[in-house]
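Single-letter residue listing:
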Amino acid sequence: MRTVLLTIVILVILATCAFAQQADVLSTEDIVNQVKKGVIKVQGIELGGPTIGGWGGGSGFVFEIDYDTGIGYAITNHHVSGTSSVSSVTFWDGAVYKAHMLGTEPGIDIALLEIYGLPDERDLPMNERTVFPVVLGDSDSVQIGELGLAMGAPGDFNDAVGTDRSNPYEAGMLMQTATTGEVSGRDWPIEFLLGINRQAQADLGKQYGTNFDYAFKVSTPINPGNSGGPLFNSHGEVIGINFWGGSFQMAQNSNHAIPINLAKDFVFQLLEKGKFEKPWTGMDIIFPNWVSVDEYTEFTEKYRPEYIEIYNIRRDSPASRSGLRKGDIIVSVDGQKFTDPEKLRLYVFSQEIGNEMELVIKRDGKIIKDPIFVEVGVKRTYDSEFSV
Amino acid sequence: MRAFCLAVILTASLAGQALAQDYKAIDVVDEVRDSVVSIDINSLAVNYATFDISTQSLLTRQITGVVYTENGYILTDSNSIDDGIYINVRFEDGHEYEAEFIGADLQYGVGVIKINPDADHDLKPIKMRGELYNSDIGSLPYEQGEPVLAIGYSGGYGGTVTSGIISAIRTFRNSRKILIPNMIQADVPINIGNEGCPLFNDLGEVIGFHDIQGGGGSLQRISFFSPSWIVKRVADEIISNHESTRPANDEDVVWHPWLGIQPYAGSQGTSGLRTQSDDLKMFFGMPDQYWDTGILINGVWREGPAAEYGLRRMDWLMTVTVVNQDANTGEDTVKVPYQLIKNVQQLEVLVSTAQRDDIFIFGILRNGNLFDVEVTIGQHPAATAYLPDSSSDSNLTRSDLARMSEFF
């Protein structure tokens, strides 16, 4: 009898688990209703130079609110508001708040905003709140083919949407646009993206000065102005940050999003320590002498060797203290072989500060028997984004 | 005990199934496929390839339509539908008819044509959401995020089905600068040939008709659809004008409600809605309790209803009540209860949804005095009959028309 009862209990628990899992998968209406109070339109007030979005700016999302101080924290793209110290953000109901840029990281195209003066709504029921933060998900568990629902304020820039800019009704009217599609690929290199269009490449490169290997490819429509907006999965959690649409090329539904886990590292470190410490060793391995994006692209396409060469060692860097020299060729790092400098850059980026990396070096055509140990340090603000 | 155990398992699995109720596009398509038609509009055009003006060739434009009634009325896009020397309608099941042009309204973008179906061919009219609000749930009959389908003549392939969601619901000016409340923005792929294509919800009801592409098509999957209630109203008017026994004349004009006022745009320029600046309110000595209320009239159209009933430039419209007078009994029924006017869009929505002979009672502020003015809403002067062999020729000049877009 006891075993039967136990079986029933187990079955009920299993059933409820299955039930709960199934209940988590939301319809698109429910996702939109759940998240729309956290999706914002961001417009940089230009103090540090023009942004790509130009007049219209981009999108973003609030992920945390401190009700005691009335401060909310929002994520957007570096290329939306990273060059402006002050931005204005607009919520779904048209309420406008002032935001201050807490930090920005061009290398991963993410900026963190601090929004002032949010109302204290912690005692209100959910449907009466005007601001409600979105939930950050886990981008590592994203499967290709999963739902990707984007929200943001597309088309909100000069001469877009066939709208009449002199008509005030039509300015900023595409806020809170929801679009759907699927995650159609993982780990797409941004270097490939840079090659799309010379003008866009130059615009991007001037601000990024970098490239990375790990964008999501999505079939969700991403238009200019969607930049910085969230990409939701079927549970209504943020899995990515929309940052690059394919509308500059004549391709349909090839758009790109940054996985949210990259942003999490950056954002939580910034919130806890007040600064973002980027793991760095001080080697120039990507490009010998960075001048322009065009030259960089030409170099990677035509002249880049099949091995990783250290073109330069930064002064007072962990690499210079370890005994590495200019002209060394990196054979392996921690037992892994690297032929692509972007991959090694990503590897360094994923290291914890203070870790020691074991480098096997080929110098003057001979492999040095004793490996060289490099301690991972912190990148200084004045170091080039192209140094690793 | 075993039975109980089984019951628990069954309940759990049933609950799971009920939750996973999938929206089946295939069911919707099955239901509405026979109601969507391809329309070929054949017209004469100059052959620019040969640069020979005397040589004329046949130009065929392919658009999409839907069966509206069982006796053969078909709804489609209004654009250049009367150009055709003949209009050809093709059904998915192979039936083909020559159609007659009935009427069109360019401002709302609705065109109506008619076929005479064969005796053995039963037409299947579409189901259409005809109401502005769903009175059962007190909200719109569609919702942001809802899955939708479009069926159309995409790129010359008849009956192409595309799907997406409602991206947003916006009160927006359509491509002819007419304010449409609750216009639908959807992310369904729309291509050339989808003009006039219907947007279906998951029940197979039409909720909208295609109006314009965002960014002239340069943006990915941003399309705007006129809500079906407005299309239904316009189509019904065109059809009843056509079916009335008297001959068609220039009075057969689709109802375009109009007040004829131009609001002051304020000093805020393009930042958001037209609201009035604080400086202006201070200049006019606005009482404190009305600080966030009222719109300022910048101009009234010469022969418009507002001018006729005594509204003037530099009046502040503070409050509004809309009443409808019964033509037979003379009794007033309040359609929109007394409310403060907070912004221009609020009033413009009230105007765009007004019926014939609605009376707007405005509380206005003029020279520091508050009093009421009654305005009976009128017909838009640019709304002219658009019928076959229509001789109507408006007296309005081009500059009049350009200026008129500032008024509502």
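Residues numbered from 1 in each chain as written. Chains lettered and ligands numbered in written order. Predicted model: local features only at pLDDT ≥ 70, side-chain atom pairs only at ≥ 80, totals over all residues.

K.L.:
Got a minute to help me understand the overall build of chain A in this structure?
P.N.:
Each helix and strand in chain A was counted, giving nine helices and 23 strands. Looking at chain A as a whole, 45% of its 388 residues qualify as buried. Long-range pairs, those at least 24 residues apart, make up 70% of the contacts in chain A with a sequence separation of at least 6. (Helix = DSSP H or I, 4+ residues; strand = E, 2+ residues; numbered from the N terminus. Buried ≥ 20, exposed ≤ 12 C-beta atoms within 10 Å, placed from the backbone. Contact = placed C-beta atoms within 7 Å.)

K.L.:
It is not clear to me how the sheet that holds strand β5 (residues 96-105) of chain A should be interpreted in this structure. Could you clarify?
P.N.:
Sheet strands associate in pairs through backbone hydrogen bonding, adopting either a parallel or an antiparallel arrangement. Residue and element names in this part refer to chain A. Strand order around the closed barrel formed by six strands is β1-β2-β3-β6-β5-β4, with antiparallel pairing between neighbours. With direction set aside, neighbouring strand axes in the sheet form an average angle of 40 degrees. Of the pairings in the sheet, the one linking strand β1 (residues 39-45) to strand β4 (residues 86-90) comprises five bridges and is antiparallel in character. Its bridge partner being in β4, glutamine 43 is matched across the sheet by serine 88. Of the strands in this sheet, β3 (71-76), β5 and β6 (110-115) touch helix α6 (residues 260-273), which is tilted by about 45 degrees from β6. (Pairing = 2+ DSSP bridges. Axes fitted to C-alpha atoms, helices over the stretch in contact; angles between N-to-C directions.)

K.L.:
Explain the confidence of the model for chain A to me, please; I cannot follow it from the model alone.
P.N.:
Low-confidence regions, as indicated by low pLDDT, have predicted coordinates that should not be scrutinised in detail. All names here are of chain A. Residues at a pLDDT of 70 or more form 74% of chain A, whose mean pLDDT is 78. For the stretch residues 16-23, pLDDT sits under 50, and the model shows nine contacts to residues farther than four places along the chain or on other chains. Confidence drops under pLDDT 50 across residues 48-56; counting only partners more than four residues distant or on other chains, this segment forms 28 contacts. (pLDDT = per-residue confidence, 0-100.)

K.L.:
Just checking my understanding: could you explain the pairing of strand β6 (residues 110-114) of chain B for this structure?
P.N.:
On a regular strand, each side chain points to the face opposite its neighbour's, so the side chains alternate between the two faces of the sheet. All names here are of chain B. In terms of burial, β6 is a largely internal element, five of the five residues being buried. Both faces of β6 are covered, namely the face carrying Val110, Val112 and Lys114 and the face carrying Gly111 and Ile113. Sheet topology places strand β3 (residues 73-76) next to β6; four bridges connect them, and they run antiparallel. From the neighbouring strand, threonine 76 faces β6, where its bridge partner is glycine 111. Of the pairings in the sheet, the one linking strand β5 (residues 96-105) to β6 comprises five bridges and is antiparallel in character. Looking at β6, one finds that glutamate 100 is bridged to lysine 114. Linking β5 to β6, which pair antiparallel, is a turn of four residues; within it glycine 109 sits at a positive phi near 70 degrees.

K.L.:
Is there a simple way to think about helix α2 (residues 28-35) of chain A in this case?
P.N.:
Structural remark: α-helix, 3.6 residues per turn; residues separated by three or four positions point the same way. Three or more residues of α2(A) are buried, namely Thr28(A), Ile31(A), Val32(A) and Val35(A). Down the axis of α2(A), the buried side of the element spans an arc of 95 degrees, and every buried residue falls inside it. In the core, the buried residues of α2(A) are packed alongside β1, β8 (147-152), β9 (177-188) and β11 (230-232) of chain A together with β8 (147-152) and β9 (160-173) of chain B. (Arc of directions from axis to C-beta.)

K.L.:
I tried to follow the domain arrangement of chain B on my own but got confused; where do I start?
P.N.:
Accessible area lost when the parts come together is the quantity often used to give the size of an interface. Residues and elements named next belong to chain B. Structurally, chain B comprises domain 1 (33-114), domain 2 (127-233) and domain 3 (257-404). Contacts between domain 2 and domain 3 engage four residues on the former and five residues on the latter. Looking at the side of domain 2 that touches domain 3 residue by residue, the classes come out as three nonpolar, one polar and no charged. (Domains from an automatic or database assignment. Nonpolar A, V, L, I, M, F, W, Y, C, P; charged D, E, K, R; others polar.)

K.L.:
Is there a simple way to think about the nonpolar core in this case?
P.N.:
One recurring pattern in soluble globular proteins is that nonpolar side chains are buried together. Counting 116 residues, the largest nonpolar core has Ala74(A) and Ile74(B) as the members making the most contacts within it. If one sorts the elements of this core by residue count, helix α3 (residues 228-243) of chain B sits on top with six residues. When sequence neighbours within four positions are dropped, the list of residues in contact with Ile74(B) reads Val37(B), Gly65(B), Val66(B), Val67(B), Tyr68(B), Val89(B), Ala99(B), Ile113(B), Lys114(B) and Ile115(B). Ranked by size, the runner-up nonpolar core spans 25 residues in total, among them Leu311(B), Leu347(B), Val375(B) and Ile377(B). (Core = buried A, V, L, I, M, F, W, Y, C linked by C-beta atoms within 7 Å.)

K.L.:
Can you walk me through unusual backbone geometry in this structure?
P.N.:
Only a minority of non-glycine residues have a phi that is not negative, and only a minority of peptide bonds are not trans. All names here are of chain A. The residue aspartate 334 is not glycine, and still its phi comes out positive at about 50 degrees. One can find aspartate 334 in the loop between β18 (329-333) and β19 (336-337). Residue class for aspartate 334 comes out partly exposed when judged on the 14 C-beta atoms lying within 10 Å of it.

K.L.:
So what exactly am I meant to see when it comes to the confidence of the model for chain B here?
P.N.:
Residue and element names in this part refer to chain B. Mean pLDDT over chain B works out to 80, with 80% of the residues at or above the 70 mark. The least confident element of chain B, judged by mean pLDDT, is helix α1 (residues 2-19) at 46; the most confident is strand β11 (residues 198-200) at 95. Confidence drops under pLDDT 50 across residues 8-21; counting only partners more than four residues distant or on other chains, this segment forms 15 contacts. This model gives residues 267-275 a pLDDT under 50, and the stretch forms 24 contacts once residues within four places in sequence are excluded. Note on the complex model: pTM 0.78, ipTM 0.76.

K.L.:
How should I be thinking about the pairing of β8(B) in this particular structure?
P.N.:
Residue and element names in this part refer to chain B. Burial analysis of β8 places six of its six residues in the buried class, the great majority of the element. Burial along β8 is two-sided: Pro147, Leu149 and Ile151 and Val148, Ala150 and Gly152, pointing in opposite directions, are all buried. Sheet topology places β8 next to β9; six bridges connect them, and they run antiparallel. Bridge pairing in β9 places alanine 150 opposite threonine 162.

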